[in-house]
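Geometric and topological summary
This is what each chain is made of:
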Amino acid sequence: MAAKEDKKQKIMESALTLFAEYDYYRTTTAMVAKAAGVTQPYIFHFFDNKEDLYIAVLKRAYDRIHDTFMEVEAPADQLVGAMGASFFNLMQTHRSEVLMVMQAYTISEAGIKQHSAKLYTTIFDEVTAKFQKAGVPNAEVNAVRFMSIGLLVTLSEVLDLSEIKQSILMTKE
C-alpha cells in the first residue's frame, strides 16, 4: 500500500511541476506519466481524468498556502506584514504550488473554475477572519489589499518584473 501511495505522490509532484510550468492546457497526462516514471494508464488508477488530477494537485497547493497563513501569529499591527513575509518565503520554497494556485482562475473548465472560486473565497474569508480576530482595523479592506498584493507579487514573479517586486518589498509594513 505504501508503494502505491508513493507512486500517487510522485504523480502529483510531477503534475504540479508541469502544470505550474506549462499550464493546464499544455500539460498532458503523457508528460506527467513520463516525469513520474509510470505508465499513462497508471495515472488513471488514482485519478479519473486530467481535470481530477489538476484539482487534487490544486487542493494540496491551496492547503499549503492556507496553512502557512493560518500558522502566522503576530500582533494586529504586525500581522499583515508577517503574513506577507510568509507568502514571500512560500514563493521561494514552494514556487510551483503558489504559481499553480494563482493561475488556476484562468482555466475555463467548469469543475476547475468552481473549485478555484471556492478556494479563493475560502482564503479570502479566512484571512479576513484572521485579521478580525487579531484586531486588524478594517479587516476586510486589509484582506482585499493583502490578496491583491499577493496576486501582484505572483505576477511579478512569473513575468520577472523585479522592479515591481522590489517596490512591494520596500512598501512592506
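All figures in this text were calculated on a predicted structure; none of them were measured in a lab.

Some points on the UniProt feature "domain: HTH tetR-type" (unreviewed entry) in the protein chain
- Under the UniProt annotation, "domain: HTH tetR-type" (unreviewed entry) lies at residues 5–65.
- For residues 5–65, the helix share is 87%, the strand share is 0%, and the end-to-end C-alpha distance is 23 Å.

Examining the UniProt feature "DNA-binding region" (unreviewed entry) in the protein chain
- UniProt annotation of "DNA-binding region" (unreviewed entry) refers to residues 28–47 when read in the numbering used here.
- For residues 28–47, helix accounts for 75% and strand for 0%, while the C-alpha atoms at its two ends are 14 Å apart.

Side note on the layout of surface pockets
- Estimates place the volume of the second largest pocket at around 200 Å³.
- Among the elements that make up the lining of the second largest pocket, the one with the highest residue count is helix 8 (residues 139–158) (four residues).
- Along the lines of polarity and charge, the residues of the lining of the second largest pocket split into six nonpolar, three polar and no charged.

Topic: the packing of helix 4 (residues 50–71) against helix 5 (residues 76–93)
- Close contact between helix 4 and helix 5 brings their axes to 9 Å; oriented N to C, the two are set at 145°. By crossing handedness, the relation of helix 4 to helix 5 is classed as right-handed. In this structure, helix 4 contributes R64, I65, T68 and F69 to the contact, and helix 5 contributes M83, S86, F87 and L90.
- A breakdown of the residues in the contact of helix 4 with helix 5 according to their chemical character gives five nonpolar, two polar and one charged.

A word on the nonpolar core
- L53, Y54 and F131 are the most contacted members of the largest nonpolar core, which totals 51 residues.
- For this core, the secondary structure elements donating two or more residues are helix 1 (2–26), helix 2 (29–36), helix 4, helix 5, helix 6 (95–103), helix 7 (110–134) and helix 8.
- The leading source of residues in this core is helix 4, at nine residues.
- Look past the residues within four positions of F131 in its chain and what remains in contact with it is L79, V80, M83, V136, A139, N142, A143 and F146.

Some details on a nonpolar patch on the surface
- A surface patch of nonpolar side chains, amounting to about 330 Å² of accessible area, comprises L152, L155, V158 and L159.
- Note that V158 resides in helix 8.
- Residue classification places V158 among the partly exposed residues on the basis of a relative accessible area of 41%.

The rules behind the values
- Each chain has its residues counted from 1, running along the sequence as written.
- A pLDDT threshold of at least 70 governs which residues receive local features in this predicted model, and a stricter bar of 80 or more applies before side-chain atom pairs are shown or counted, although totals over entire chains, interfaces and linings include all residues.
- To get the side-chain values, take all heavy atoms of the structure and skip hydrogens and water.
- UniProt positions are given in the numbering used here, feature names are shortened, and annotations may be inferred rather than shown by experiment.
- A helix here means a DSSP run of H or I that spans at least four residues, while a strand means a run of E at least two residues long, and both kinds are numbered starting from the N terminus.
- Of the two site types, the cavity is a set of points on a 1 Å grid over the protein atoms alone where a 1.4 Å probe fits but cannot get out, and the pocket is an open set with protein on both sides within 12 Å along at least five of seven lines, each lined by residues with an atom within 4 Å of a point.
- Grid points are joined across faces, edges and corners, and a volume is the space filled by probe spheres set on the points.
- Here the nonpolar group is Ala, Val, Leu, Ile, Met, Phe, Trp, Tyr, Cys and Pro; Asp, Glu, Lys and Arg are the charged ones; every other residue, Gly included, is treated as polar.
- In this description, a line fitted to the C-alpha atoms serves as the axis of each element, helices being fitted only across the stretch in contact, and the angle between N-to-C directions of two axes falls anywhere from 0 to 180 degrees.
- Put simply, a crossing is left-handed when the front helix is turned counterclockwise from the back one by less than a right angle, and right-handed when it is turned clockwise.
- Throughout, a residue-residue contact means that at least one pair of heavy atoms, one from each residue, lies within 4.5 Å.
- What is meant by a nonpolar core is a set of buried Ala, Val, Leu, Ile, Met, Phe, Trp, Tyr and Cys residues, joined one to another through side-chain atoms within 4.5 Å.
- Under the scheme applied here, a residue whose accessible area is under 20% of the maximum for its type counts as buried, over 50% as exposed, and between as partly exposed, the area being computed with a 1.4 Å probe on protein chains only.
- Surface patches are defined over residues having more than 30% relative accessible area and no salt bridge, joining like charges when they lie within 9 Å and nonpolar side chains (Val, Leu, Ile, Met, Phe, Trp, Tyr) when within 5 Å.
- Note that accessible areas follow from Shrake-Rupley with a 1.4 Å probe, and for residues the cover is restricted to the protein chains shown.
- One side-chain nitrogen of Lys or Arg within 4 Å of one carboxyl oxygen of Asp or Glu is enough to make a salt bridge.

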